[in-house]
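# Working through the structure, step by step
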Amino acid sequence: MRVTLLGTGDTTGTPTVGCDCDTCERARELDVERTRFSVHVENERTGESLLVDFSPDFRHQFLRESVPLPDAGIVTHIHFDHLDGLGNCYRLIDSLDVYAADEVDPITGASVAETVAEDYAYLDQVTARPQSPLEPFDACGFTVRLVPVEHPPLLCYGLTVENEAGAKLSITGDTSYGIPERSREALADPDLLLADAIVPARLCERHPKGGDHVHGGVPYTFGTKHMTREGALALADELDADRTRLVHLAHFYDADEAFAEPLAVDGEQFVV
């Protein structure tokens, strides 16, 4: 499978609109960016493409990377930076199955799949396909599983994508370090891990809720919703990932570390 990182940024992206911080200025100097999160996974055997999350930057991402439009999609949760690009299917795609979890969220009273179906009912092209978490299903010739993670207050999911040769991509999705054990087992042993790492751990002191999941004095969760860089790297070690790229990155990293390994930028490609 060919994996293209279409969007590696958080809700505001990097450079952030109207921001002249050192990190955003460095991104402009380097001519790199981190748009809102999205991953393109191409099955070279079948010629099909699977899109993980529909970034509001959909149009820009596909024009920039010249990757094929998706044959199917996955929505991990209903935050706008992962869902609102779905409207781009209008007049671009004739038919699109969008897979999402069938668990009812007590906060919204609907599952992710139901929200997709209701919010995009005007798109005749889109068909929501409810899936049970941790149960494998086929999409674009891949075996896919939605993996429950912790991103309060909403239900949220990571996922695994495997091809017929056994190559495995694991994506944590938006999550704290408090990923359930069954989900960790499902995510384990990937050839490529894409892990949420919004900021370095030292910035937890600036969050109103501080940090959580502290190990050796180092918080592995920033606030309650996202992993720190240190948490993501610890998870990668625990999962025994062959390769790891850190994604969903904010512009709050210092400029001298914001573009260093293993922090990803848009446009990176991997053959798994």
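Thresholds applied
- Residues numbered from 1 in each chain as written.
- Predicted model: local features only at pLDDT ≥ 70, side-chain atom pairs only at ≥ 80, totals over all residues.
- Heavy atoms only, no water.
- Helix = DSSP H or I, 4+ residues; strand = E, 2+ residues; numbered from the N terminus.
- Rg over C-alpha atoms; globule rule 2.2 N^0.38 Å.
- Buried < 20%, exposed > 50% of the residue type's maximum accessible area, 1.4 Å probe, protein only.
- Contact = heavy atoms within 4.5 Å.
- Patch = residues over 30% accessible without salt bridge, like charges linked within 9 Å, V, L, I, M, F, W, Y side chains within 5 Å.
- Areas by Shrake-Rupley, 256 points an atom, 1.4 Å probe, with all protein chains shown as cover.
- Salt bridge = Lys/Arg side-chain N within 4 Å of Asp/Glu carboxyl O.
- Lys, Arg positive; Asp, Glu negative; His and termini not counted.
- Charge placed at Lys NZ, Arg CZ, Asp CG, Glu CD.
- Pairing = 2+ DSSP bridges.
- Axes fitted to C-alpha atoms, helices over the stretch in contact; angles between N-to-C directions.

## What to know about the overall build of the protein chain
Looking only at helices and strands, the protein chain has six helices and 16 strands in total. A globule of 272 residues ought to have a C-alpha radius of gyration of about 19 Å, and the protein chain, at 17 Å, matches this closely. Referenced to the eigenvectors of the C-alpha coordinate spread, the extents of the protein chain come out at roughly 45 × 40 × 40 Å. Across the 272 residues of the protein chain, 57% fall into the buried class. When contacts within the protein chain are restricted to residue pairs at least 6 apart in sequence, long-range pairs at least 24 apart make up 64% of them.

## Some remarks on a negative patch on the surface
Taken together, the side chains of D84, D102, E103, E114, E118 and D119 define an acidic patch exposed on the protein surface. By the element assignment, E114 lies in helix α4 (residues 112-119).

## With respect to helix α6 (residues 229-239)
Inspection of α6 places R229, G231, A232, A234, L235, A236 and L239 among the buried residues, and these make up the whole buried set. As for α6, its buried residues are in contact with α5 (181-187), β11 (192-196), β13 (218-222), β14 (226-227) and β15 (244-247). In the stretch just after α6, D240 is the one whose phi turns positive, near 60 degrees.

## Focus: the sheet that holds β15
Pairing within the open sheet is mixed, and its six strands lie in the order β7-β8-β9-β10-β11-β15. In this open sheet, the two strands that pair with only one neighbour each are β7 (137-139) and β15. Strand-to-strand, the axes of this sheet are offset by a mean angle of 30 degrees, without reference to chain direction.

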